[in-house]
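Summary of the model geometry
If you want the building blocks of each chain, they are given just below.
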Protein chains: 2
Amino acid sequence: MGEGQEEATGFEVSIVVPKLSRAAAAEGGKDCVARLVRELEDAGLLVERVRGVPAEFIKLSAPMEILGRAAAEMQMKKLTYIGMDLQFEWDQVAAFVRQPDGSLFSWRERFTCFHYLIYGIVNKTNSEISLKFDDKEFDWKRNESLLHRLENEGVVKLVFPLHDEVKRKHLLRNWALNWHDFTWQPIDEIYSYFGTKIATYFAFLGMYTRWLFFPAVSGLATQLIDFGSLQWLVLPSFFIFVISWAVFFLQFWKRKNSALLARWGINYSFSEYKASCNELDPLRHSLSVQGVEENKFDDAPAEKRRLQRNEWSGVLLRIRNNAIIVLGIICLQLPFELAYAHLYEKTKTEALRYVLTALYLVAIQYYTRIGGKVSVILIKYENNQGEESSADSLIYKVFGLYFMQSYIGLFYHASLYRNILTLRQVLIQRLVVSQVLENLIENSIPYLKYSYKKYRAVHKKKEEKESPSGKSVRLSTRVEKEYLKPSYTASIGEELEDGLFDDFLELALQFGMIMMFACAFPLIFCFAALNNATEIRADALKLLVMLKRPVPRAAATIGAWLNIFQFLIVMAICTNCLLLVCLYDEEGKWRIEPGLAAILIMEHALLLIKFGFSHFVPEEPAWVRANRVRYVAQAQTVCSKQLLRSITKLDSKWE
Amino acid sequence: MGEGQEEATGFEVSIVVPKLSRAAAAEGGKDCVARLVRELEDAGLLVERVRGVPAEFIKLSAPMEILGRAAAEMQMKKLTYIGMDLQFEWDQVAAFVRQPDGSLFSWRERFTCFHYLIYGIVNKTNSEISLKFDDKEFDWKRNESLLHRLENEGVVKLVFPLHDEVKRKHLLRNWALNWHDFTWQPIDEIYSYFGTKIATYFAFLGMYTRWLFFPAVSGLATQLIDFGSLQWLVLPSFFIFVISWAVFFLQFWKRKNSALLARWGINYSFSEYKASCNELDPLRHSLSVQGVEENKFDDAPAEKRRLQRNEWSGVLLRIRNNAIIVLGIICLQLPFELAYAHLYEKTKTEALRYVLTALYLVAIQYYTRIGGKVSVILIKYENNQGEESSADSLIYKVFGLYFMQSYIGLFYHASLYRNILTLRQVLIQRLVVSQVLENLIENSIPYLKYSYKKYRAVHKKKEEKESPSGKSVRLSTRVEKEYLKPSYTASIGEELEDGLFDDFLELALQFGMIMMFACAFPLIFCFAALNNATEIRADALKLLVMLKRPVPRAAATIGAWLNIFQFLIVMAICTNCLLLVCLYDEEGKWRIEPGLAAILIMEHALLLIKFGFSHFVPEEPAWVRANRVRYVAQAQTVCSKQLLRSITKLDSKWE
């Protein structure tokens, strides 16, 4: 089973503490950092202290057994060979399904165990322990987590996951700097290094880019080839093609996601997985609320009433919150955006326009940030089930803002000019600005941040030391460089989302733009395809080189974004129909002539396709399902009798 | 556990064999009926022979243990307390979840066991056994099923489930003849007597009738109350109300269905259940195809390719078949229906009209029957997974026929006259004819059939005996009466569907009619509500009194009909918008004036509501989910260690 190779993990987590003078560190038994290191070692972790320029780092690694025991203590659920998630037990380790690369725990599980171990160090003695840091003295109370205490006292600055240099270099070579095949990516390696959520993002991005090839080519064809007398049919058929393409794409993405789930040892189909995410958490909640196990089956009707009340109050809260957001967008943002678009049209001088745009950009920065904050506050009052569900709720709310912000100007221009050429100009402007500039900013800002932090750290150091030896101070260890790198955070706030929010947002806005105005400018798909091909490498580089290693997250689907993409398809059907009407109804008479009627019929047919197609192609490929089910069924059959005996025993125990 | 009470079932199954003269029966050991009875007794069944007027009946009952052992032999899967379906084992019976009424097996499981036991009687000796029936002699080959042989020889005429007189009387009193509360029904009792599928139908019918109250009242209000200057707003708002009502209704039905699943010990959520139905069968299929267990994990890529090929050929076949059906409907049925509608309009004399209608009715009878046959043939070439999946496929195809047949005439009238009053007349005609007449026919035809059969049986008897004693021959036993009753079959053929097809079809056509023409005639909802209230009792009476007890079926949702109802809602959005346009655009100018634009916007908003609503209200109520998950989780936690040990052992066995 290769258990010999995985006796200990690499140094995967680091705790940052301020640097003390060597004298102070050597001095006393009461020193809290020394105590922390001792306690960590007692917990079974392997500790390495590194004195860096900006701070001191405690690098942690753990033997597999320590992680396993932590997982058992946390009652971590893990997939077993009978296809059921059971509580992990270290002595029954052979019952649990291993990762594709042969290791026992995934990166997320390892990180969770580390987290549990680090924050699980409590004062087990009967008295308070007095600790010292520099000159400050404080008490470590009974049953208090040492790390929480130290964080509150400002001693521990940060706990962050460390890059694994070997794997990182390997990924860099094989993925970020692999220029041979633009859309191929080593998804399994990405999964085992970054976890499910980031791997899902890159799998989606890769598939999206590959699929973009088809509309890009046919968009190019519509521009280059002269169809003669059939020219009037070109745009409608391109429209139908693009919509069908998008519907197919999303359905096949679901299938691909199912296959990924199966590959990563998540024994659910795509739709079950979504359901199961919601399932596990309320359970945990109700378990912790009720506490005692006995009284659970007694007051079933009261329990049912409580749950129903909870559910409906949750629905009402969600509706109220969404109403607030929608009202906020319509009453505050819409007039603002329209005012900007209008003023921009009215101003004659270029200079004024630039000023206006600058003002606008600053204003929307604040607006989206406030919107994000408000959303986060609102979401706190919803009883969302689990963190990923809250994150999804946030995505819907904030996407509303961005949707309005990105497209209302385009709609304004489209309706103002009713001129396809101007609309194309605006589209190109927007796409170039939003995509190219954003890519630049996205990649340069982290680097600038890092450089600045590095400069400050080194500078401070120099000042402190007043260069006694005259030698230049440099960042020598990897861990301190990583510490100075920015972390992978979302622009709207760190509470519920990480940097994936921005990356997905970019994709979704691009998808919306190319789909909703497909008829106005078929060439736009080529731009998008080119842009995405570079986006893959840029994002990979960003994650591998520019940023700290992100904290792994649980979700293994693209979650709310899938619904947003589907919503954008429906929007695209409507807007493209409008565009076609505008194109063919140049006199502005708006009569239901054969053309308009045909377009209306086409719209309805497309909507039907959109919603009917999923009935034809199942979300989970048959072979994935067969494998998943068969393996489980076989295991169940083989150990069926033993299982039954266990259950019978349990049953008699209950009676 | 009350196992003492359920030591044997009642007489639940009967085999019908021709009556022999007493002399012949007494005569020899070679008599095949006597042999059958002996073999049945050897299999552990309790046998009672009843000599009736039309034939002889072998009534069967079974001790619970015999059924249990049969279930174990069949490798029947059954829900255990850890929430996993495992193979039934008689000695571990305490591990399996019991029915709500405390019995171990549900009616369907019992019937399956009976079926297995009866047809499982094979010639285990090494030689052929010679059997005699009347004068005919035939051989019972080695390893041949006795019952199949006897069926082929025409000895066994029928195997059918028997009514349970006590429960039937109880249901009759409490349900079919309970006139106090029109929509209340003892669903649990219906479930334990008829099985999941029929219980689901009645639960749906009851809920639909209860919910119809709201639009019925508001439809009445639109007709009775004069809204003064706001009169023009009445129809659009009624339209919006009705569509929202329907969307809510179907979503809440899903929730109710989830609750029912939980109550009936089916440990799946609503969407999982649908998925799981498709899951189990390909597994069984691939197991039986492969046979050997070892080579299963070896050629994974070949296996994957095979499954993918299967899946896509299945999709293509389904698309082709549906295309054939759609073409058949459009090219054959549509002209026919239009021709009828047109001719009906053109003919002046009443008499000719009646002739025409009679011809039409005969023709469509044949047309639908041929359509059903063709569909069944087509479906045989699809690789549908499991019987219920084939049945669903059939429903979609045949519903297309009925949809065209029921509504195309209405559309023709609506578009021909563009007159709301004529349309109303036609609607009332159709509704009265289709609903009231159908109800009458549905209930009288079985009775007439029964009477005719009874008359024939008695008459034949009389002739044979030539009334030796002069006393009148009568049907004295219950079982012979039941034998003469018609069975619960679908009008389109018995292959894949039973009588539920007709009942659901009636509901769906009614739903389509009231929804699609809601704006033309709001009062129609009152008719529908009244009709459905009687429909519940009529259907209950039909099942309890008129017909043989139906063979229980596996499905526990309304399956394809749910999708058809949802499709009808979408259709209703479109047709009502058209109706509103016709109503408000009386000059026939068809201009996009504010009114038409508003209607278009309303249409899109409603479509959005239709497809967005399900995101807000989950399909499974929180309390159902919590109960389901918690119970399982608790059991899993308690016996987790034992399970793990079992799996580990299994694992080491594999290596």
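Throughout this document, residue positions are counted from 1 along each chain, in the order its sequence is written. Each chain is given a letter, starting from A, and each ligand a number, starting from 1, according to the order in which they appear as written. Owing to the predicted nature of the model, reporting of local features is limited to residues with pLDDT of at least 70; listing and counting of side-chain atom pairs is limited to 80 or more, with chain, interface and lining totals taken over all residues. As a rule here, side-chain values come from all non-hydrogen atoms in the structure, and water together with hydrogens is ignored.

1. Notes on helix α9 (residues 231-263) of chain B
Secondary structure is summarised from DSSP: a helix means a run of H or I of at least four residues, a strand means a run of E of at least two, and numbering begins at the N terminus for each. For a helix, the expected span equals 1.5 Å multiplied by the residue count minus one. The first and last C-alpha atoms of α9 of chain B sit 47 Å apart over 33 residues, in line with the 48 Å expected at 1.5 Å per residue. Positive phi appears at Gly 265 of chain B, one or two residues downstream of α9 of chain B, with a value of about 70°.

2. Comments concerning the environment of Glu 109 of chain B
Residue and element names in this part refer to chain B. Along the polypeptide, Glu 109 turns up in helix α4 (residues 107-119). Once the C-alpha coordinates of Glu 109 and Glu 480 are considered, the two residues, 371 residues apart in sequence, prove to be 25 Å apart. Contacts: residue pairs with any heavy atoms within 4.5 Å of one another. Beyond its immediate chain neighbours, meaning those up to four positions away, Glu 109 contacts Met 76, Lys 78, Gln 99 and Leu 104. Two N or O atoms form a polar contact when they lie within 3.5 Å of each other; inside protein one atom must be a possible hydrogen donor and the other a possible acceptor, and for residues adjacent in sequence the pair counts only when both atoms belong to side chains. A distance of 3.2 Å separates a polar atom in the side chain of Glu 109 from a polar atom in the side chain of Lys 78. Among the polar contacts listed, one links the side chain of Glu 109 to the backbone nitrogen of Ser 106, at a separation of 2.9 Å.

3. Some remarks on the nonpolar core
Throughout this description, the term nonpolar core refers to a set of buried Ala, Val, Leu, Ile, Met, Phe, Trp, Tyr and Cys residues connected via side-chain atoms within 4.5 Å. Relative accessibility under 20% of the residue-type maximum defines a buried residue, over 50% an exposed one, and the middle range a partly exposed one, all with a 1.4 Å probe and only protein chains included. Membership of the largest hydrophobic core comes to 193 residues, with the highest contact counts inside it found for Met 515, Phe 525 and Trp 561 of chain A together with Met 515, Phe 525 and Trp 561 of chain B. Apart from residues no more than four positions distant in its own chain, Phe 525 of chain A is found in contact with Leu 212, Pro 215, Ala 216, Phe 238, Val 242, Trp 245, Ile 514, Met 515 and Ala 518 of chain A. Residues Met 84 and Leu 147 of chain A together with Val 17 and Leu 60 of chain B belong to the second largest nonpolar core, which totals 98 residues.

4. A short note on the pattern of salt bridges
Close approach of charged atoms allows side chains with opposite charge to pair. Salt bridge, as used here, is a side-chain nitrogen of Lys or Arg placed within 4 Å of a carboxyl oxygen of Asp or Glu. Taken as a whole, this structure holds 34 salt bridges over all chains when the rule is applied. A salt bridge links Glu 48 of chain B to Lys 59 of chain B, with the nearest nitrogen and oxygen atoms 3.8 Å apart. Of this pair, Glu 48 of chain B sits in strand β2 (residues 46-51) while Lys 59 of chain B sits in strand β3 (residues 56-61), and the two are 11 residues apart along the sequence. Classification of Glu 48 of chain B as partly exposed rests on a relative accessible area of 32%. On the basis of relative accessible area, Lys 59 of chain B is assigned to the buried category, the value being 12%. Several salt bridges share partner residues, and in doing so they unite Glu 165, Arg 168, Lys 169, Arg 478 and Glu 482 of chain A into one network.

5. Examining the side chain of Glu 12 of chain A
All names here are of chain A. Inspection of the secondary structure puts Glu 12 in the segment before β1 (13-17). Reaching out from Glu 12, the side chain makes a polar contact with the side chain of Arg 110 at a distance of 2.8 Å. Among all residues touching Glu 12, those that are not within four sequence positions of it are Leu 60, Trp 107, Arg 110, Phe 114, Phe 160, Pro 161, Leu 162 and Arg 549.

6. What to know about the packing of helix α6 (residues 165-176) of chain B against helix α17 (residues 524-546) of chain B
Residue and element names in this part refer to chain B. Axis definition: a line fit to C-alpha positions, over the contact stretch in the case of helices; interaxial angles, taken between N-to-C directions, run 0 to 180 degrees. Direction vectors running N to C along α6 and α17 enclose 170°, while the axes themselves pass 10 Å from each other. With respect to α17, the element α6 is oriented roughly antiparallel. Side by side, α6 and α17 meet where Arg 168, Leu 171, Leu 172, Trp 175 and Ala 176 of the first sit next to Ile 536, Arg 537, Ala 540, Leu 541, Leu 544 and Val 545 of the second. The class makeup of the residues in the contact of α6 with α17 is nine nonpolar, no polar and two charged. Orientation categories follow fixed angle ranges, with anything under 35 degrees roughly parallel, anything over 145 roughly antiparallel, 65 to 115 roughly perpendicular, and all other angles oblique. Residues are grouped as follows: nonpolar covers Ala, Val, Leu, Ile, Met, Phe, Trp, Tyr, Cys and Pro; charged covers Asp, Glu, Lys and Arg; every other residue, Gly included, is treated as polar.

7. Things to note about the packing of aromatic side chains
Residues and elements named next belong to chain B. Two rings from Phe, Tyr or Trp (for Trp, the six-membered ring) form a pair when their centres sit within 6.5 Å of each other. Planes less than 30 degrees apart are called stacked, planes more than 60 degrees apart edge-to-face, and all others tilted. This structure, assessed with the given rule, holds 76 aromatic pairs over all chains. A centroid spacing of 6.1 Å and a plane angle of 90° characterise the contact between Phe 399 and Trp 561, whose relative ring orientation is edge-to-face. On the criterion of sequence distance, the pair formed by Phe 399 in helix α13 (residues 387-417) and Trp 561 in helix α18 (residues 560-584) is long-range, its members being 162 residues apart. The exposure class of Trp 561 is buried, given its relative accessible area of 2%. Here Phe 504 and Trp 561 contribute two aromatic rings whose centre-to-centre distance is 5.7 Å and whose plane-to-plane angle is 15°, an arrangement assigned as stacked. Placement of the pair is Phe 504 in helix α16 (residues 500-516) and Trp 561 in helix α18, with a sequence separation of 57 residues. Trp 561 matches Phe 504 in its accessibility class, with the two residues each being buried. For the cation-ring pair, Arg 353 lies above Tyr 344, with the distance from its terminal atom to the ring centre recorded as 4.8 Å. Throughout this description, the term charge over a ring refers to an Arg CZ or Lys NZ atom that lies within 6 Å of the ring centre and within 35 degrees of the ring normal.

8. Concerning the UniProt feature "transmembrane region" (unreviewed entry) in chain A
Residue and element names in this part refer to chain A. Within this structure's numbering, the places UniProt gives as "transmembrane region" (unreviewed entry) are residues 198-221, 233-253, 315-336, 351-368, 394-414, 507-530 and 551-573. The span residues 198-221 is 100% helical and 0% strand by assignment, and the distance between its end C-alpha atoms comes to 35 Å. With 71% helix and 0% strand, the stretch residues 507-530 has end C-alpha atoms that lie 13 Å from each other. UniProt positions are given in the numbering used here, feature names are shortened, and annotations may be inferred rather than shown by experiment.

9. A look at unusual backbone geometry
Of note in the backbone geometry, Gln 75 of chain A takes a positive phi value of approximately 60° without being a glycine. By the secondary structure assignment, Gln 75 of chain A is in the loop between α3 (64-73) and β4 (77-79). Of note in this structure, Asn 143 of chain B is not a glycine but carries a positive phi near 60°. Here Asn 143 of chain B shows up in the loop between β7 (136-140) and α5 (146-152).

10. Some points on α6 of chain B
Residues and elements named next belong to chain B. Three or more residues of α6 are buried, namely Glu 165, Arg 168, Leu 171, Leu 172, Trp 175 and Ala 176. Take α6 and look down its axis: the buried residues cluster within an arc of 125°, on one side only. Turned more than 90 degrees away from the buried face of α6, the exposed residues are Val 166 and Arg 173. Looking at the buried positions of α6, the neighbouring elements they touch are α7 (187-194), α8 (196-224), α15 (478-484) and α17. Think of it as the arc spanned by the lines of direction from the helix axis to the C-beta atoms.

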